[in-house]
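Descriptive structure summary
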Amino acid sequence: MKLRTLAVGLMVSALALTACGREGSPSEGPAVEQPVAENVQVAGSPTFQKMTERGRVVIGVKNDQPGLGQFDPTTNTYSGFDIEIARLVAAQLGFSADQIDYVVVQSAAREDAISRGDVDYYVGTYTINDNRKQRVGFAGPYFIAGQDLLVRASDTDITGPETLNGKRVCSVTGSTPIQRVREEGLTQNIVEFQTYTLCVDQLVQGQVDAVTTDDAILKGYAAQQPDQLKVVGKTFSEEPYGIGVPRDDVALRNKINDILQAAHDDGTWQRIYDETLGKSGSPASPPAIDRY
Ligand code: GLU
């Protein structure tokens, strides 16, 4: 069983690698149908102009976060809450689902990918903070998560951040949770990878004692292996998720905030949530948008 999980994991990583992170368009319809807006103008947005000339939108996402952003190589489709938010924005900018190119960008590479223009915008459990705002812009937030801990189901030692001392804790390079573990000195024993999937494999195999990141992400992994894994369920931060855009493209940031606000007001956000994260998680309502 363990070997099979590992083999599937390796296959998925190999696929992602051979495709250089760029996958084809989804062959299945989205969870929530999005009408495509017509005659959209975003005056003064160089990114929108690039999209329009290209006739396609390039969106940075994650591909291994169940419920949020997940790629299924058997159906060649992406699914999850972040993906639906990404599609909502694309549709309101005038791009249909088959005009989207997804590019997988891991946590540590997001600011570079956005500022270089490798992606037009990014939707993938991306916490808004002042440090990142020096390099990119953020629309949103469209969701508020909180840092939590994933442990083996049999574990009775780890009950919160204050019990991590001396434990081996795994997280991802360039993420806010790994930074918090370091800054607060929760443990000296930190194991670092590029993806949470690699951390979860290590946890199941007994190589680390806990994986830490946002509760929304960890709940997805726990749901995949409920006999092996559990989420501690005591959050110790606020992680407001934003849509990353080029820092100086204020016109695009404003437009995406308008799109999110409309989706909050007309119930689209709620439908997206209920069809994705809400199916396994708890009820939630849209957070207030923070225009800056
Ligand atoms: N939301 C946190 C962050 O942006 C953790 C999740 C992630 O790595 O994407 O760093």
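Source: prediction; values computed, not measured.

1. As for the sheet that holds strand β5 (residues 77–79)
Strand order in the open sheet formed by three strands is β3-β4-β5, with antiparallel pairing between adjacent strands. Edge strands, defined here as strands with exactly one partner in the open sheet, are β3 (64–65) and β5. Bridging between β3 and strand β4 (residues 69–72) involves two bridges; their strand directions are antiparallel. Bridging from a neighbouring strand, D64 pairs with Q70 of β4.

2. Side note on the packing of helix α3 (residues 81–92) against helix α9 (residues 250–265)
It is at 10 Å that the axes of α3 and α9 come closest, and there the two elements cross at 110°. Viewed along their axes, α3 and α9 adopt a mutual orientation that is roughly perpendicular. Classified by chirality, the crossing of α9 by α3 is right-handed. Every residue of α9 that contacts α3 at I85, L88, V89 and Q92 is listed here: K255, I256, I259, L260 and A263. Residues of the contact of α3 with α9, tallied by class, amount to seven nonpolar, one polar and one charged.

3. A look at the site of the ligand
Close to the ligand lie 16 residues, the nearest being S107, T125, T127, Y196 and D214. Here T127 contributes a side-chain N or O atom positioned 2.7 Å from a nitrogen atom of the ligand. With respect to the ligand, the backbone of T176 contributes an N or O atom lying 2.9 Å from an oxygen atom. In isolation the ligand has 280 Å² of accessible area, and contact with the protein removes 100% of it. For the shell around the ligand, the elements supplying multiple residues, two or more each, are α6 (176–183) and β12 (210–214).

Conventions used here
- Residues numbered from 1 in each chain as written.
- Predicted model: local features only at pLDDT ≥ 70, side-chain atom pairs only at ≥ 80, totals over all residues.
- Heavy atoms only, no water.
- Pairing = 2+ DSSP bridges.
- Helix = DSSP H or I, 4+ residues; strand = E, 2+ residues; numbered from the N terminus.
- Axes fitted to C-alpha atoms, helices over the stretch in contact; angles between N-to-C directions.
- Parallel < 35°, antiparallel > 145°, perpendicular 65-115°, else oblique.
- Left-handed = near helix turned anticlockwise from the far one by under 90°.
- Contact = heavy atoms within 4.5 Å.
- Nonpolar A, V, L, I, M, F, W, Y, C, P; charged D, E, K, R; others polar.
- Near = heavy atom within 4 Å.
- Polar contact = N/O pair within 3.5 Å; in protein donor to acceptor, adjacent residues only side chain to side chain.
- Areas by Shrake-Rupley, 256 points an atom, 1.4 Å probe, with all protein chains shown as cover.

Honestly, it's all geometry; don't read function into it.
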